[in-house]
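If you want the building blocks of each chain, they are given just below.
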Amino acid sequence: MEVDPLTGLEAARLGLYVHFPYCLRRCPYCDFTIAIARSIPGARYADAVLGELQLRLAQRPAWTERPLDSIYLGGGTPSLWDPAEVGRVLQGIARALPLAVDAEISLEANPEVADTARLAGYRAAGVNRLSLGIQSFEPGVLATLGRSHSPSDAEDAFRAARAAGFENVSADLIHGVPGQSLAGAVEDARRAAALRPEHVSSYVLTVERDHLGAETVFSRRLRQGRLALPDDAAVVEMVDAVGEVLAASGLERYEISSHAVPGRHSRHNALYWTGGESLALGAGAVGFRRDGAGGLRTTNLRSTPRWLEAVEAGRLPDEERETLGPEALYEERLLLGLRLRSGVDLRRLWAEHGAVPRTTAVEALVRDGFLEPVGARFRLTGRGAHLHQEISARLV
Amino acid sequence: MPAENAHLRNFCIIAHIDHGKSTLADRLLDRTGTVSKREAQDQFLDNMELERERGITIKAQSVRMQYRAKDGKDYVLNLIDTPGHVDFAYEVSRSLAACEGALLVVDASQGVEAQTLANVYMALDQNLEVIPVINKIDLPSADVARTRAEIEDVIGIDASTAVPTSAKEGIGIEEILEAVVARVPPPKGDPAAPLKALIFDSWYDSYRGVVVLVRVLEGALELKQQILLLSNGKKFEVQELGVYAPFSRPVPRLIAGEVGVLVANVKEIHDAKVGDTITEAARPTAEPFPGFQEVKPMVFSGVFPIDSADYENLRDALEKLQLNDSAFTYEPETSTALGFGFRCGYLGLLHMEIVQERLEREYGLSLITTAPSVVYKVFSVKGEEMLIDNPAKLPASQHIEHMEEPVLTCHIHVPDEYLGAILKLCQDRRGVQKDIKYLGSSGKRVQVTYGMPLSEVVFDFFDKLKSVSRGYASLDYELAGYQTSDLVKLDVLINGDPVDALSVIVHRDRAYQRGRDVCARLKEVIPKQMYEVAIQAAIGSRVIARETISAMRKNVLAKCYGGDISRKRKLLEKQKEGKKRMKQVGSVEIPQEAFLAVLKTEG
């Protein structure tokens, strides 16, 4: 695990992402690659993931040259995967690739299926960080979001995680949901904080089709004028209030949507924000690696049956390959660096990427209170954080 | 009449914009075998991309056709094309002067339109033989008898011999060619007299220099001849002579009565102006062909590059455009808000749009154009007279004794059911009614004549006219001098700072309404910024209207992991592109269309 010199954030340099696409149903706001299944073909999927790993390593043996700093099992609903299969996958990975001793190994879990025995199984399989999709403690909000767990399920799941031996647990919250009030969002933050998690991700609900990877039920309703979202001012208030509640409980905001007890930020997520490399396995999984002064981002086949078919036939399951030039990499590092509370060393970023220094724009943003210097780095102010995208556009 | 000319016929086509001139011209070329089927690109005469798209003709063309008539003799027919828009009335008059006859094309269901009427009168003034052609008789709504009656009533010419035609279906083409041969007189003019030739169009060709379209009136043009241009006394040697049939074909000489192309090492289009007379240096003609005018721009606007680094490119592009357009002028202009740019002069709004489109399309420039202005006469308290074509240059009101603005006489043709709407529109535009009369015996069509300030017509009057009349009204106008008006400068302030490029000169009575409209319109077109933006309209130091654009509250995306990153970067790139279409004025980003929006106000 290293500290990224541009942002000062300790982050995984090489991570492995496994996408587990299966869900019991599709939530109306979700744009992820998923597959709805009544019975989960867990063993077949585990075989295929390990099969893809072999294909990827054969294609590029250099993946084995550096130890993995993190493994992340996301979805979909990875907590529908039998712990034994998860264990088999993690062992397979550890056999094929060197693994750092302090590697962060996360799994996303849905409170619906998160009893102590199951979670202990994941712990025993090697998972050391759990991310719980709590979303809200308000029954109405959970219903709007199409979640089938209850507020008490979420609290039970959290306690189960502790009982199963997890010392690093994150809770996901969503705000800006239709019908959600400021008081409701604050109450969600309070109840989440009361559980004393190491980490909270608090996401503003994203609905616009342009901002999503795919059409969702919500994006369609929004376009048809059938979705009443809280207005921008109300959402801004929620974000600020939630941040204050979490900070008061020792969960400091370190990224636009992420809060953590100091030292407990997600190393794997930090990899994405600091230009780290990731090997991606599973349907629709997105990986990235450096390539000279540029980079290569690959997306696996998004259709689960087609992904399975390809891997089982011994073919690389590529759907998209995007070549990134130095300028694209620069834009990403800027865009992502500005999401971080630790800030980004703009001068060094400009120098390393041969970009034109935007000194005048930076000065104006600092003068107007959107950006502030922290040592050699610049970060968005509280006000600036709400305008992250707009400010980034002024600096590229 | 000299025998050399007996087989020659020079004619043009007068038609309203969509009454089928180009299609008819194509049929004539087709029937005379001038253009083979393979070459027949649709609408041969309109060869500029823009002209084709807009269905209008900007540059005149001429084509020579060979035709064996029913009398068994061979004739040479020169079809001279004329520009088809009111902005180019002078060019039309010069094209007509090169002809002895004109085909008047009238749509069998639409009837006579204002612009056609203006051109027909011009043709009759110049003693052209006018042959009416009633086109589009294939349409179900065609009414040949009524159209015939209307031509007689409205124009006052005999329409009994009008040729019923469908250019689209190829009906009546033969009859038109026969009518041209029989009725258009062969050209007069003595080939042995001293040379007198009229320039009726000219353009710049990057290989050959200026190419001139001429009609030889007397004498003959010969290769190697030393010629003299009467308006400026400049001399050139004839290097090339040719005719279009329809592609350029060299000829050794052009004699009295003929139409052709002349290349004489003329480097600048300003040295070969439309309407000028060419003669032989050694044996000059006694007097020039009458009617030459220096064409002067009537409308001016600022043109600025969005990216100031494009200034040099813009200058090069303007220079190239001017090579080919003697009516277009430009000179450097500096704006506090927009930086370095140019003040450009145009014949009218269409001309302005054409220039802008060419700059953006052919030269790939992103530009901001400010609201067009007419030329005001400003009389100072000290008794000086100034010509002001830029609101930013208007002196402070205490130094102005009075101002005058250019006025037009506008003739509008409209079916009577839209008359009320047209009268209201003219009244709203400070028009003064001069005349109103019903055309023809049907009593369904009306011609109204208004005196109207040019500034009220330049912007969107034509569009409004069309929209209130469902496209049925047509407009012709001529300049009618200057009149004293109570005018004020309306300034726009963004966050307290005046933006010079947004100033307009308006009539005092309408300043308040205009101020409110401008602020409301700018509020619509300027996107939310990271700061609150105040838009104010002011006369002098007095603010008369205000709007506020509230600050953007939120523009941030929640999740940003593996697969999201490319999508978010692309969103960023899209935003960056969007910013390129904006001009940073102070701390506010103003989109390019805002600068024209100040005139497009009433809903």
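Residues numbered from 1 in each chain as written. Chains lettered and ligands numbered in written order. Predicted model: local features only at pLDDT ≥ 70, side-chain atom pairs only at ≥ 80, totals over all residues. Heavy atoms only, no water.

Now for the overall build of chain B. When helices and strands are counted, chain B shows 14 helices and 33 strands. Relative to its length of 603 residues, chain B is compact, with a C-alpha radius of gyration of 27 Å against a globular reference of 25 Å. Seen along its three principal axes, the alpha-carbon backbone of chain B occupies a region of about 85 × 70 × 55 Å. Across the 603 residues of chain B, 59% fall into the buried class. Taking contacts inside chain B between residues at least 6 apart in sequence as the whole, the part at least 24 apart equals 70%. For chain B, the computed accessible surface area is about 24,700 Å², with 50% contributed by carbon and sulfur atoms. If the 74 positive side-chain charges of chain B are averaged to one point and the 86 negative ones to another, these points end up 5 Å apart. (Helix = DSSP H or I, 4+ residues; strand = E, 2+ residues; numbered from the N terminus. Rg over C-alpha atoms; globule rule 2.2 N^0.38 Å. Buried < 20%, exposed > 50% of the residue type's maximum accessible area, 1.4 Å probe, protein only. Contact = heavy atoms within 4.5 Å. Areas by Shrake-Rupley, 256 points an atom, 1.4 Å probe, with all protein chains shown as cover. Lys, Arg positive; Asp, Glu negative; His and termini not counted. Charge placed at Lys NZ, Arg CZ, Asp CG, Glu CD.)

Here the focus is the environment of Gly275 of chain A. All names here are of chain A. You can see Gly275 is positioned in the loop between helix 9 (267-273) and strand 13 (277-281). Each C-alpha atom of the pair Gly275 and Thr299 lies 17 Å from the other, and the pair is 24 residues apart in sequence. Apart from residues lying up to four places away in sequence, Gly275 is in contact with Phe288, Arg290 and Arg333.

Taking 1.5 Å of rise per residue, the 19 residues of helix 13 (residues 562-580) of chain B would be expected to cover 27 Å, and the 29 Å separating its terminal C-alpha atoms lies within 8% of that figure. Inspection of helix 13 of chain B places Gly562, Asp564, Ile565, Ser566, Lys568, Arg569, Leu571, Leu572, Gln575, Lys576 and Lys579 of chain B among the buried residues, and these make up the whole buried set. (Expected span 1.5 Å × (residues − 1).)

The next thing to look at is the domain arrangement of chain A. All names here are of chain A. Split by domain assignment, chain A resolves into domain 1 (2-273) and domain 2 (340-396). For domain 1 versus domain 2, the separation of C-alpha centres amounts to 28 Å. Both sides of the domain 1 and domain 2 interface together cover about 1,100 Å² of buried area, and 66% of this is carbon and sulfur. Among the residues domain 1 hides against domain 2, the three largest losses belong to Leu6, Thr7 and Ile256. Together they make up 49% of the total. Scanning the region where domain 1 abuts domain 2 turns up zero salt bridges. Between the two partners, domain 1 and domain 2, sit five residue pairs in polar contact (both at pLDDT 80 or more). If you list the elements that add at least two residues to the side of domain 1 that touches domain 2, you get helix 8 (232-248) and strand 11 (252-255). Looking at the side of domain 1 that touches domain 2, its residues break down into eight nonpolar, two polar and three charged. (Domains from an automatic or database assignment. Buried area = accessible area lost by both parts, 1.4 Å probe. Salt bridge = Lys/Arg side-chain N within 4 Å of Asp/Glu carboxyl O. Polar contact = N/O pair within 3.5 Å; in protein donor to acceptor, adjacent residues only side chain to side chain. Nonpolar A, V, L, I, M, F, W, Y, C, P; charged D, E, K, R; others polar.)

All names here are of chain A. Direction of pairing for strand 17 (residues 371-374) relative to strand 18 (residues 377-380): antiparallel, over a ladder of four bridges. Bridge pairing links Pro373 to Phe378 in strand 18. Where strand 17 hands over to strand 18, the hairpin turn is made up of two residues, of which Gly375 adopts a positive phi near 60°. (Pairing = 2+ DSSP bridges.)

Let us look at the sheet that holds strand 8 (residues 209-218) of chain B. Residues and elements named next belong to chain B. Reading across the sheet, the eight strands line up as 11-10-16-7-8-15-12-13 and stay open at both edges, with antiparallel pairing between neighbours. Unpaired on one side and paired on the other, strand 11 (235-237) and strand 13 (248-250) mark the two borders of the sheet. Neighbour-to-neighbour, the strand axes of the sheet open up by a mean angle of 40°, direction not taken into account. The sheet contact formed by strand 12 (residues 240-244) and strand 13 spans three bridges and is antiparallel. (Axes fitted to C-alpha atoms, helices over the stretch in contact; angles between N-to-C directions.)

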